Amino acid sequence: MKDYTTISHAFGQRLKKSYVLFLLVCGGVLLQSCEDAPPNSFVPVPYVEGYLFVDRPIDGVVVAMSQSLAVPYDQPSGMIADADVQVSDGSSSYQLAYRVVNGHGSYWYPDTSVLVKPGTRYTLSVRLKNGTVLGASTLTPERIEWTKPPSPVLQYPSDTVRRTSPDSLRIA
């Protein structure tokens, strides 16, 4: 007859050693992953951000350098104020000027009577002082018109006083 207490004790010891070995391996993996240094080889890149709205002047075109995530964001230090920025609609070319409003710099077209036209392809060309050229192109949408104008006051549901009860029970 087998002595089950000895077998059970030996199995329990083996299980305990496996558990300790498992914990040591997991702990080693966790500690090893904490030793990796964060990447810090940041290379600033110029970028352009801007929107053209139909029937509005050309305004708010931002030309800036990307900034490292390792330092606090500083919008004025990233701005590029000395770029040659032009917008063209195919028949006319507009030289944008740099201005700062409320601490935020952007390029705009000083003649505000020139409005963005619907259904027109606009091309942006940016030349930086170091010779880097950035460009973009967009096709403006047609004007949007209501097929059925909305009511001046929007209320849902339309009548909040004389609504039918959604309950299946009635109080007598």
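The coordinates are above.
**Q** Got a sec to walk through unusual backbone geometry? Specific residues and values, please.
**A** Non-glycine residue Asp55 carries a positive phi angle of around 65 degrees. Within the element layout of this structure, Asp55 appears in the loop between β1 (46-49) and β2 (62-65). On the basis of relative accessibility, which here comes to 34%, the residue Asp55 falls in the partly exposed class.

**Q** Go over the layout of surface pockets with me, naming the residues and quoting the values.
**A** Within this model, the largest pocket holds a volume of roughly 250 Å³. Forming the walls of the largest pocket are 16 residues, and the residues nearest its centre are Gly50, Tyr51, Leu52, Leu124 and Thr138. With four residues, strand β8 (residues 133-139) is the largest single contributor of residues to the lining of the largest pocket. For the lining of the largest pocket, a count of residues per class yields 10 nonpolar, five polar and one charged.

**Q** Provide a residue-level description of the nonpolar core, including the pertinent values.
**A** The nonpolar side chains of soluble globular proteins are, as a tendency, buried together. Of all hydrophobic cores here, the largest spans 18 residues; its most connected members are Ile58, Val63, Ala83, Val85, Leu96, Tyr107 and Val126. Listed by contribution, the elements that provide at least two residues to this core are β3 (84-88) and β7 (121-127). Per-element tally for this core: the top contributor is β7, with three residues. With residues up to four places along the chain from it excluded, the contact list for Ala83 reads Val63, Tyr107, Val126, Arg127 and Leu128.

Conventions used here
- Residues numbered from 1 in each chain as written.
- Predicted model: local features only at pLDDT ≥ 70, side-chain atom pairs only at ≥ 80, totals over all residues.
- Heavy atoms only, no water.
- Helix = DSSP H or I, 4+ residues; strand = E, 2+ residues; numbered from the N terminus.
- Buried < 20%, exposed > 50% of the residue type's maximum accessible area, 1.4 Å probe, protein only.
- 1 Å grid on protein atoms, 1.4 Å probe; cavity = no way out; pocket = protein on both sides within 12 Å on 5 of 7 lines; lining within 4 Å.
- Points joined across faces, edges and corners; volume = space filled by probe spheres on them.
- Nonpolar A, V, L, I, M, F, W, Y, C, P; charged D, E, K, R; others polar.
- Core = buried A, V, L, I, M, F, W, Y, C linked by side-chain atoms within 4.5 Å.
- Contact = heavy atoms within 4.5 Å.

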